[in-house]
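An overview of the molecular structure
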Amino acid sequence: MEERDLIASAKAGERWAMGELYQLHAHRVYTVIRRLVGDDHLAEDLSQEAWIRAFEKLHLFRGDAALGTWLYRLATNVALNRLRRSARRRPVESAAELPRVTRAQDDVIVTRRVLSQALDQLPPGYRKVLVLHDVEGWTHRDIAESLGCSPGTSKSQLHKARARMRQLIAPAKSGSDGAQDEARL
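What counts and what doesn't
- Residues numbered from 1 in each chain as written.
- Predicted model: local features only at pLDDT ≥ 70, side-chain atom pairs only at ≥ 80, totals over all residues.
- Heavy atoms only, no water.
- Helix = DSSP H or I, 4+ residues; strand = E, 2+ residues; numbered from the N terminus.
- Buried < 20%, exposed > 50% of the residue type's maximum accessible area, 1.4 Å probe, protein only.
- Contact = heavy atoms within 4.5 Å.
- Areas by Shrake-Rupley, 256 points an atom, 1.4 Å probe, with all protein chains shown as cover.
- Phe/Tyr/Trp six-rings, centres within 6.5 Å; stacked < 30°, edge-to-face > 60°.
- Lys NZ or Arg CZ within 6 Å of the ring centre and 35° of its normal.
- Expected span 1.5 Å × (residues − 1).
- Axes fitted to C-alpha atoms, helices over the stretch in contact; angles between N-to-C directions.
- Parallel < 35°, antiparallel > 145°, perpendicular 65-115°, else oblique.
- Left-handed = near helix turned anticlockwise from the far one by under 90°.
- Nonpolar A, V, L, I, M, F, W, Y, C, P; charged D, E, K, R; others polar.
- Core = buried A, V, L, I, M, F, W, Y, C linked by side-chain atoms within 4.5 Å.
- Polar contact = N/O pair within 3.5 Å; in protein donor to acceptor, adjacent residues only side chain to side chain.
- Salt bridge = Lys/Arg side-chain N within 4 Å of Asp/Glu carboxyl O.

1. A look at the overall build of the protein chain
Along its length, the protein chain carries 9 helices and 0 strands. Its helices and strands taken in sequence order, the protein chain reads α-α-α-α-α-α-α-α-α from the N to the C terminus. Buried positions account for 36% of the 185 residues belonging to the protein chain. In the protein chain, 64% of the contacts between residues at least 6 apart in sequence involve partners at least 24 apart. In the structure as shown, the protein chain presents an accessible area of about 11,300 Å², 51% of it carried by carbon and sulfur atoms.

As structure tokens, then:
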């Protein structure tokens, strides 16, 4: 069944269609929220909140954009609203250690961990713009509209966020095996 048919069925209140839409988009909704809030448990709660809102507002979906785009924007807004309400983010709990299988897999795990830890250390404003632009692919105009700032501010925040990420990642590179590890990062 095509997604537009699932949307029509879900708008009509068909729970099975809602479940199918959830299965299609749940991982990405969670991922975008997790990247923004930096906390697994909060991301789970906000993902549920985003899905509740999505199904409550599905009748407003006109189909001008893809459903995924609409859902990710809604999820992003749920996360940003929570971040605005909270005085400061809770620190991210460290991810569970994964078993070492090969050197290449271990390097990927280390690189992801380094990037995740660096991202979690960014100030909230930098983090939001970096995730929305570099990870989610939003334009500076879209970011400005969502965050209530100018596109110039979005560009400036992105520039500063990238510079800060380079600083945060640099110590991890200097303690590695040299140029080969630096090339991987």
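2. A closer look at the packing of aromatic side chains
On inspection of all chains with the given rule, the structure shows 3 aromatic pairs. Pairing Y22 with W51 gives two aromatic rings, centres 5.0 Å apart and planes at 65°, and the pair type is edge-to-face. Of this pair, Y22 sits in helix α2 (residues 15-37) while W51 sits in helix α3 (residues 40-57); the two residues are 29 residues apart in sequence, bridging distant segments of the chain. A relative accessible area of 37% places Y22 in the partly exposed class. Judged by centre distance (5.4 Å) and plane angle (55°), the rings of F61 and W70 are tilted. Put simply, the rings of Y22, W51 and F55 pair up and form one aromatic cluster. The ring of Y72 carries the charged tip of R28 above its face, separated from the ring centre by 4.4 Å.

3. Focus on helix α4 (residues 67-85)
Look at α4: 27 Å from first C-alpha to last across 19 residues, which is about the 27 Å you get at 1.5 Å a residue. Taken residue by residue, α4 has L67, G68, L71, Y72, L74, A75, T76, V78, A79, L80 and L83 as its buried positions. Those residues of α4 hidden inside the fold are in contact with α1 (3-11), α2, α3, α6 (124-135) and α7 (140-147).

4. A closer look at the environment of S47
Tracing the backbone through its elements, the reader meets S47 in helix α3. Measuring from C-alpha to C-alpha, the distance between S47 and T76 comes to 9.7 Å, with 29 residues separating the pair along the chain. Ignoring any residue separated from it by four or fewer positions in sequence, one finds S47 in contact with V29, Y30 and I33.

5. Comments concerning the packing of α6 against α7
Direction vectors running N to C along α6 and α7 enclose 140°, while the axes themselves pass 10 Å from each other. Relative to α7, α6 is oriented oblique. Considering how the two elements wind past one another, α6 and α7 form a crossing that is right-handed. From α6, K128, V129, L132 and H133 reach across to α7, where they touch H140, I143 and L147. Its residues assigned to classes, the contact of α6 with α7 shows 4 nonpolar, 2 polar and 1 charged.

6. Observations concerning the nonpolar core
Residues V29, I33 and V37 are the most contacted members of the largest nonpolar core, which totals 43 residues. Elements supplying a minimum of two residues to this core: α1, α2, α3, α4, α5 (103-121), α6 and α8 (151-174). Excluding its chain neighbours within four sequence positions, the residues that come into contact with V29 are S47, A50, W51, L71, Y72 and A75.

7. A short note on α3
In this model, α3 (18 residues) spans 25 Å end to end at C-alpha, consistent with the 26 Å of a helix rising 1.5 Å per residue. Summarising the contacts, the buried residues of α3 are in contact with α2 and α4. Two to three positions downstream of the cap, the backbone nitrogen of H41 sits 3.0 Å from a side-chain oxygen, assigning the N-cap of α3 to D39.

8. Looking at the pattern of salt bridges
Think of it this way: side chains of opposite charge can pair up when their charged atoms draw near. In the structure shown here, the tally under the stated rule is 8 salt bridges. Between R53 and E49 there is a salt bridge, and its shortest N-O distance comes to 2.9 Å. Here R53 pairs with E49, and both are found in helix α3, just 4 residues apart, close to one helical turn. As a salt-bridge pair, R62 and D64 come within 2.6 Å of each other at their nearest N and O atoms. Shared partners join several salt bridges into a network, and the residues in it are E49, R53 and R82.

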